[in-house]
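Summary of structural features
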Amino acid sequence: MAVSRQQPNTRRERWDELVREFEIKFGHKPTYVARAPGRVNLIGEHIDYANFGVFPAAIEHDILIACAPRPAPTAAAHPEGHAPGSVVAENLHIRYTRQVFWPTRRHTLGDDVPLDAVRVALWHLDIDKSELRWESYVKAGYYGVLNHFFFPSSISPVPVPVDILVTGNVPPGSGLSSSAAMVVSSTLAFLAVNGIFDGEKAPTKGELVNIAMENERRVGVNSGGMDQSASVIALPGSALYVSFVPSLHAEPIVLPRDAVFVCANSLVVSNKAESAKHQYNLRVAETLAAARLLSHHLNLQVDSIDGENTKRHLVTLREVLARKSSFYRDEQDAHLEDLVLLQKGLVDMLEIAMDYLLPQFGDRTDISPDEMIGKSGMGEAEFRELYLSGVDVETSKFELYLRARHVFEEALRVLKFREVCLAGGGNEESKLQTLGKLMNESHDSCHRQFDCSHPKVNDLVRVARSFGEVETGRGKGRIYGSRMTGAGWGGCTVSLVHRDDVEAFIMHVKKKYASYEGMSEDDLASCVFATEPGMGACVFKLTD
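Note that the structure is predicted; figures quoted are calculated from it, not measured. (Residues numbered from 1 in each chain as written. Predicted model: local features only at pLDDT ≥ 70, side-chain atom pairs only at ≥ 80, totals over all residues. Heavy atoms only, no water.)

1. Section: helix H13 (residues 400-422)
Taking 1.5 Å as the rise per residue, H13 with 23 residues should run 33 Å; its terminal C-alpha atoms sit 33 Å apart, in good agreement. Among the 23 residues of H13, 19 are classified as buried, and the element is accordingly described as predominantly covered. (Helix = DSSP H or I, 4+ residues; strand = E, 2+ residues; numbered from the N terminus. Expected span 1.5 Å × (residues − 1). Buried < 20%, exposed > 50% of the residue type's maximum accessible area, 1.4 Å probe, protein only.)

As structure tokens, this is what we get:
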């Protein structure tokens, strides 16, 4: 991640205010501003943690963190300033108060013990997952920096005391990945202020994505990597096809010239971390369990056998598909995934194996824990240890069939979406119609099969699609597709609209979505907005 040494000039007033307020609050100027954008996922929902490719784009809304090492006189004046790596954190939003915290060392290593001999977190920060606050995400970003770049021994450097000021305009709980933007921005800020970008250990973008994924798990979210990838790797003017096998790879994809995506906030706040045990994390557990059952049914070797001992592994639906289609071993030596084989494998899986995930009797689709374990080929204790102990979930039944079907079908839709965008020539209107149809199918699957939508989100999708019946003066409104975006259970929708009809579409949604009634124009402007694919995360070094 390169550090830009130019003065920031995008949205000048906002940046100037941040720098000015930092000096007022701390009595000295910031040395860096870390920026991480939110993202909108155009298609490919809840499949990244199954290792299938997704199709996000960074948006212009972002999180900014101004930061600087705390000067020695200031540190000496405050007791917390004496602790290595202590942080004084402020937020520009008036509802949030100053927070002071510092990491503690875990004395598990002596100076003469190899650093890889003990695999525990070497530093600790208190993060209360039962009551997440804004600074929880700052701490989560800091966690990875501490444990990847600072080692608590007498011969290692210690993190510097830091002052930080946070601001952001990514609506929290909107499905536009405010949490990932906050964690990425925090990670960047602590890397920059500790001089890590200037040394040999500066992380690559891919490494930064992995660190940010690990960091967000500190607030209880088992993220699959899409949000962090889009925030870190995005390029202006392009969406990304992000794949995870055989390794993280982001392919810039130019969208059709008349395609504009409009985000609309349902105003239903979805706190992914706080509701994870019966929503997001449960879906992760269900897709992993579905993969285990399918691997057993298809007699696939997914575990390690050493004599009479079997070491069980978590296996994803993506790996089950690859092993069944006999291209798993070849993949390990490849630089990129073979999309032709992948597409064929997805079609085959949907045709041959899915019924095994249904209960043996009745016309239900959900399956009891006991029957699920019985179909896994594993003992109850080892299944619960591998699949249910490491992920915080709450349920008395599991929907493996519908979840797996959504994942396979959605992965196919992503590949088709990519193909349409890459196709040269052809009729642009036809391309937009095909992309919109895929988006509509995606939303319907999220609602009916993955059960991650919300009644208000469904209402907003219906309002968006109804624009197709509105006279605009150039004929009927050109709305091609609309779907929920993000983790779901609230948050935002994303709609594909013809460039010439964007203004009329936004007016239609503002007028027809009931929850917007009585809102000011300023508030509505932050709820419904068109977005162009934006730039990924960066760090600006401020100069006098």
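2. Side note on the packing of helix H7 (residues 280-297) against H13
It is at 9 Å that the axes of H7 and H13 come closest, and there the two elements cross at 90°. It follows from the interaxial angle that H7 and H13 lie roughly perpendicular. Across the interface between the two elements, Arg 283, Glu 286, Thr 287, Ala 289, Ala 290, Leu 293 and Leu 294 from H7 touch Leu 400, Arg 403, Ala 404, Val 407 and Phe 408 from H13. Within the contact of H7 with H13, the residues separate by chemical class into eight nonpolar, one polar and three charged. (Axes fitted to C-alpha atoms, helices over the stretch in contact; angles between N-to-C directions. Parallel < 35°, antiparallel > 145°, perpendicular 65-115°, else oblique. Contact = heavy atoms within 4.5 Å. Nonpolar A, V, L, I, M, F, W, Y, C, P; charged D, E, K, R; others polar.)

3. A word on the sheet that holds strand S15 (residues 492-498)
Taken in spatial order, the four strands make up an open sheet running S14-S15-S11-S16, and their pairing is antiparallel. Two strands in the sheet have a free side with no partner beyond their single neighbour: strand S14 (479-485) and strand S16 (528-531). Within the sheet, the average angular offset between the axes of one strand and its neighbour, ignoring direction, is 25°. In this sheet, S16 lies alongside strand S11 (residues 259-265) in antiparallel orientation, the contact comprising four bridges. Bridged to Cys 263 within S16 is Phe 529. (Pairing = 2+ DSSP bridges.)

4. Focus: the side chain of Glu 286
Locating Glu 286 in the fold gives a position in helix H7. In this structure Glu 286 comes out as buried when scored by relative accessible area, which is 2%. Here Glu 286 is in contact with Lys 397, Phe 398, Glu 399, Leu 400 and Arg 403, once residues within four sequence places are set aside.

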